[in-house]
Amino acid sequence: MEFRCFVKNHKLIAISQRDIASCYEFIEQNEEDICSDIAKFFKNKVAYKFSDSSFTFDVYRYSAQRVLLIDFNPFGAQTDPLLFTWDELTDPALSISDNDDEFQGMFKYLTGAAGVQPNPSHFSRMPTDIVDLVCGNDVNKLVDLLNVRNLIRQSGDESDED
């Protein structure tokens, strides 16, 4: 229930599901309520209170009509557009009316496994064995590593004598 919201010229123009590595069927069933809750949150808590006129913000909708602000980000290429492209978001043809009572922008979310994208944080993760060693989560792995190190040293010493 985390969403990235895109604001251009003080208008909420787009909302994207934040977790692009999973499909959540309940989003489609609650699309109207989700958009409405986020639009009300934007209007009452965020609009015209941030120094820039264009920016992104992340929210967590933890229940009906309950939205929590997570983060602000710049509106531009340095911020991941998730299910959008920056060409879509910066298109001058994208116009939103001045009716702030309802969300009229674009809302993107995954509707099936075909749209699921790899989680970018997985690309920079360490192997679990290394994490376990560093954190001390598995003492047996540390003992195994030390035994392998000793075997390598011993075989290295013997090869030096030959």
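An account of the accompanying structure is given in this report. (Residues numbered from 1 in each chain as written. Predicted model: local features only at pLDDT ≥ 70, side-chain atom pairs only at ≥ 80, totals over all residues. Heavy atoms only, no water.)

**Comments concerning the pattern of salt bridges**
Stated precisely, the cut-off is as follows: Salt bridge criterion: a side-chain nitrogen from Lys or Arg within 4 Å of a carboxyl oxygen from Asp or Glu. Runs of H or I in DSSP of at least four residues are treated as helices and runs of E of at least two as strands, each being numbered from the N terminus. Using a 1.4 Å probe on the protein chains alone, a residue whose accessible area is under 20% of its type maximum counts as buried, one over 50% counts as exposed, and one in between counts as partly exposed.
The final tally for this structure, using the stated rule, is five salt bridges. Close ionic contact of D58 with R4 constitutes a salt bridge, the shortest N to O distance being 2.7 Å. With a gap of 54 residues between them, D58 in strand 3 (residues 55–63) and R4 in strand 1 (residues 2–8) connect regions that are remote in the sequence. Take D58 and R4: they sit in the same class, and that class is buried. Between K108 and E88 there is a salt bridge; the shortest N-O distance is 2.7 Å. Pair noted here: K108 is in strand 5 (residues 106–108) and E88 is in helix 3 (residues 86–90), with a separation of 20 residues, a long-range link. Residues participating in the shared-partner salt-bridge network are E2, R4, R18 and D58.

**Some remarks on the packing of aromatic side chains**
Rules: Here is the rule: rings of Phe, Tyr and Trp (six-membered ring for Trp) pair when centre to centre is within 6.5 Å. Planes less than 30 degrees apart are stacked, more than 60 are edge-to-face, and the remainder are tilted.
Summed over the entire model, instances satisfying the criterion amount to 13 aromatic pairs. Taking the centre distance of 5.8 Å and the plane angle of 80° together, the rings of F6 and W86 count as edge-to-face. You can see F6 sitting in strand 1 and its partner W86 sitting in helix 3, a full 80 residues away along the chain. W86 carries the same exposure label as F6, and that label is buried. Put simply, the rings of F42, F50, F55, F57 and F72 pair up and form one aromatic cluster.

**Observations concerning the side chain of R61**
Inspection of the secondary structure assignment puts R61 in strand 3. Among the residues examined, R61 registers a relative accessible area of 8% and is labelled buried.

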